[in-house]
Amino acid sequence: FFGRPECGKSRPTGGGWRPSERGEDHRKGGEGERQRERQRGGKMNAEQINLKIKEIEDEMARTQKNKATNAHMGLLKAKIAKLKRQLVDPPGGGGGGGKGDGFDVNRTGDARIGLVGFPSVGKSTLLSVMTGTFSEIAAYEFTTLTCIPGIIRHQGAKLQMLDLPGIIEGAADGKGRGRQVISTARTCNVIVMVLDAAKPLTHKALIEHELEGFGMRLNKTPPNITYKKKDTGGVNVVQNAPLTHLTPDTIKAICKEYRIVSADFIFRCDATMDEFIDVIEGNRVYVPCIYVMNKIDAIFLEELELLDQVQHYCPISGNLKWNLEGLLEKVWEYCDMVRVYTKPKGTDPDWNDPVVLPRKKRTVEAFCNRIHRDMIKNFKHAMVWGQSAKHRPQRVGKDHVLEDEDVVQIVKKV
């Protein structure tokens with residue numbers, strides 16, 4: 001202390017400054033700059049957001065991928081996900097992903113199937129031959145400009161099929177009413193991607209890119225990751241499975257970008273950076289998809305054998321009505337639903353009008369709620385015949401899990 005030359009001297013006044021004051025001013029200036037950047041980011045239009053995404057993607061392409069840059073790559077991917085969320089839901093609710101005129105179709109039936117694809121690949125023809133609903137068909141592109149619904153009856157179930165306008169490249173950014181088309185596709189139980197058999201893989205990659213940019217995940221399951229935010233304690237990670245794609249530094253960098261200071265994460269799968277970001281975003285939709293190769297009458301048999309290597313695909317010809325029954329069976333399989341028949345006391349089961357339930361929610365309670373929401377209040381027990389019953393009939397409670405083609409009789413309280 002006594003060795004310091006400035007000891008005993010008066011502090012500088014006027015224009016003088018201390019190093020600590022300069023650092024404090026710099027910190028304040030940095031915070032203000034970051035705040036102004038956040039404010040500018042909140043008010044960016046679609047063109048500016050796309051430009052920013054392009055800059056980050058270019059930086060990712062320049063960055064060498066190794067263990068040392070994993071955290072930085074995770075940070076860049078998190079920034080891209082946040083910018084894409086602004087494209088989907090612009091600040092202030094300014095008409096970003098809204099359905100718009102002609103896209104607000106009431107949901108009817110037991111499941112909803114959406115026909116998605118490029119213009120002039122045969123979506124309207126497919127809707128007309130499968131549902132009998134008129135949808136304008138012509139040789140030019142963009143014949144369908146709004147959402148055209150139709151109804152298919154299959155195995156006692158009523159399936160609603162939607163003919164959506166053609167998707168073009170850049171649809172997730174709003175080109176060609178793409179946001180309205182994709183936002184309607186997000187509400188479907190199954191996506192039927194109609195592709196031209198002459199150039200299927202090119203169209204498939206482009207449409208998948210547009211749908212994934214809008215938060216849809218095709219033929220994927222949600223990653224088995226749970227997290228809970230806390231007030232204190234920092235970021236804690238529990239690994240019930242080995243993580244080969246994520247490191248603790250990468251996880252903390254992504255959490256920092258989302259301003260998650262304290263949280264508990266439990267990983268039960270080997271998740272990637274993209275899957276971890278999807279869990280934090282929380283607005284992803286996981287939908288089964290069937291790749292329908294239309295116009296197979298215009299290609300050779302050798303080409304059709306090559307297309308057979310594509311997973312989740314179904315070859316058809318809309319004009320010649322080839323393999324439409326096979327497509328319908330595949331759609332029903334991907335809907336993953338069960339049929340349950342009702343049996344009033346003293347009568348035979350009603351085999352013509354089953355109650356259709358999703359396989360994930362097929363309890364007796366869900367069955368009662370599907371018939372009438374007040375039925376469960378007076379529920380006493382149920383009698384079940386079928387695969388789920390250990391003996392016929394079996395007396396069960398509301399938590400009993402039903403199987404396909406079970407027969408159920410509800411007994412109410414007196």
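Residues numbered from 1 in each chain as written. Predicted model: local features only at pLDDT ≥ 70, side-chain atom pairs only at ≥ 80, totals over all residues. Heavy atoms only, no water.

Q: Describe the pairing of strand β16 (residues 406-412), listing the residues and the values that go with them.
A: Across 3 bridges, the pairing between strand β12 (residues 337-342) and β16 is parallel. Residue pairing across strands places T342 opposite V408, the latter belonging to β16. Note: strand β14 (residues 379-385) against β16, 6 bridges, orientation antiparallel. Bridged to H381 within β16 is V411. (Pairing = 2+ DSSP bridges. Helix = DSSP H or I, 4+ residues; strand = E, 2+ residues; numbered from the N terminus.)

Q: A description of the pairing of strand β10 (residues 289-294) should follow, citing residues and the corresponding values.
A: Most of β10 is tucked away: 6 of the 6 residues are buried. On β10, burial covers both faces: C289, Y291 and M293 on one face and I290, V292 and N294 on the other are all buried. As paired strands, strand β4 (residues 190-196) and β10 are joined by 6 bridges and run parallel to one another. Bridge pairing in β10 links V194 to V292. In terms of strand pairing, β10 meets strand β11 (residues 313-315) through 3 bridges, oriented parallel. Paired with Y291 across the strands is Y313, a residue of β11. Read from β10 through helix α9 (residues 301-307) to β11, the crossover connection turns out right-handed. (Buried < 20%, exposed > 50% of the residue type's maximum accessible area, 1.4 Å probe, protein only. Right-handed = clockwise from strand over helix to strand, strands pointing away.)

Q: Break down the side chain of S388 for me, with residues and values.
A: Take S388: it is sitting in the loop between β14 and β15 (394-396). Only 3.1 Å separates the side chain of S388 from the side chain of H400, close enough to count as a polar contact. At 2.4 Å, the side chain of S388 forms a polar contact with the side chain of D406. Those residues within four positions of S388 in sequence are excluded, and the remaining contacts are Q394, H400, V401, L402, E403 and D406. (Polar contact = N/O pair within 3.5 Å; in protein donor to acceptor, adjacent residues only side chain to side chain. Contact = heavy atoms within 4.5 Å.)

Q: Can you lay out the packing of helix α7 (residues 248-257) against helix α8 (residues 273-281) for me, pointing to particular residues and giving the numbers?
A: Running from N to C, α7 and α8 cross one another at 35°; their axes reach a closest spacing of 11 Å. Considering how the two elements wind past one another, α7 and α8 form a crossing that is right-handed. Contacts between α7 and α8 involve T250, I251, I254 and C255 on the former and, on the latter, M273, F276, I277 and I280. Of the residues that constitute the contact of α7 with α8, the class distribution is 7 nonpolar, 1 polar and no charged. (Axes fitted to C-alpha atoms, helices over the stretch in contact; angles between N-to-C directions. Left-handed = near helix turned anticlockwise from the far one by under 90°. Nonpolar A, V, L, I, M, F, W, Y, C, P; charged D, E, K, R; others polar.)

Q: Can you explain the packing of aromatic side chains? Please cite residues and give values.
A: Under the defined criterion, the tally for this structure stands at 5 aromatic pairs. Aromatic pair F267 and F276: ring centres 5.6 Å apart, planes at 40°, arrangement tilted. The class of F276 is buried, set by a relative accessible area of 0%. The ring of Y258 is capped by K82, whose NZ or CZ atom sits 5.8 Å from the centre of that ring. A cation over an aromatic ring shows up here: K204 above the ring of Y291, its NZ or CZ 4.7 Å from the ring centre. (Phe/Tyr/Trp six-rings, centres within 6.5 Å; stacked < 30°, edge-to-face > 60°. Lys NZ or Arg CZ within 6 Å of the ring centre and 35° of its normal.)

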